[in-house]
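A closer look at the structure
These are the residues of each chain, in order.
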Amino acid sequence: MKKLFTLTLILLMLASNCFAMIEKNQVEIGGIKLLDSYKLVKKIYGEPNKIESRVLTDGASRQISKGSILYNWYYGDSFEIEFIVMALKPYRLGGKDFDDIIVGISSSKNNGIKTADGVSVGMRSDILWNKYGIPDKLSGDNSKKYYRYTCDTGLTYEYLVFTVENGIITKMSIGGEY
């Protein structure tokens with residue numbers, strides 16, 4: 001009976017710690033975080049090489065209204081920032097209003113862009129376990145894997161995702177649920 005109790009206790013501990021949540025300050029690429037403004041991007045990186053945009057024909061969420069504009073800014077061929085400019089009213093989150101919010105960032109080459117923890121494309125994937133611990137979601141096949149690490153801010157879920165091919169990081173991105 002004592003062995004069964006001990007085994008049950010160990011399994012409960014393992015289940016409750018099946019992945020490590022990362023901190024909000026770790027969900028950053030190239031000095032940019034989700035919910036930052038495009039004005040900060042311009043301040044750090046200047047004008048993008050290429051801009052694409054589209055009008056959202058339906059609301060992306062309860063607070064992102066129809067008619068808001070989704071922009072993709074490209075810096076070179078490997079760094080992309082995606083943000084939304086609100087159409088009707090500011091996006092309200094945690095008592096703060098946003099006229100525009102960054103909703104995605106990605107880097108797909110070894111271009112000097114790093115995470116807040118110094119991880120970049122081109123590094124070996126074992127650094128992910130050292131910096132972030134066990135991913136909360138690991139998917140893919142033998143040649144291509146996706147490591148997802150989650151941050152629960154209390155208001156949103158933010159994700160730091162790495163694409164790994166043959167043991168090397170080939171892409172890193174952040175996104176979230178608002």
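Remember, predicted model here, so these are calculated numbers, not experimental data. (Residues numbered from 1 in each chain as written. Predicted model: local features only at pLDDT ≥ 70, side-chain atom pairs only at ≥ 80, totals over all residues. Heavy atoms only, no water.)

1. Thoughts on the overall build of the protein
For the protein, the helix and strand inventory stands at 3 helices and 12 strands. Among the 178 residues that make up the protein, the fraction classed as buried is 37%. For the protein, the proportion of contacts with a sequence separation of at least 24, taken over those separated by at least 6, is 48%. Within the structure as shown, the protein displays about 10,300 Å² of accessible surface, and the carbon and sulfur contribution to it stands at 53%. (Helix = DSSP H or I, 4+ residues; strand = E, 2+ residues; numbered from the N terminus. Buried < 20%, exposed > 50% of the residue type's maximum accessible area, 1.4 Å probe, protein only. Contact = heavy atoms within 4.5 Å. Areas by Shrake-Rupley, 256 points an atom, 1.4 Å probe, with all protein chains shown as cover.)

2. Notes on the sheet that holds strand S11 (residues 157-165)
The 8 strands are arranged S3-S4-S5-S8-S12-S11-S10-S9 in an open sheet whose pairing can be described as antiparallel. One side of each edge strand has no neighbouring strand; the edge strands of this open sheet are strand S3 (50-55) and strand S9 (137-140). Direction aside, the axes of adjacent strands within the sheet are offset by 20° on average. Both strand S5 (residues 79-85) and strand S8 (residues 100-107) contribute to a ladder of 7 bridges, which runs antiparallel. Looking at S8, one finds that Glu-82 is bridged to Gly-104. Contacts between helix H2 (residues 38-45) and the sheet are confined to strand S4 (69-75), S5 and S8, with S4 contributing the most and set at about 15° to the helix. (Pairing = 2+ DSSP bridges. Axes fitted to C-alpha atoms, helices over the stretch in contact; angles between N-to-C directions.)

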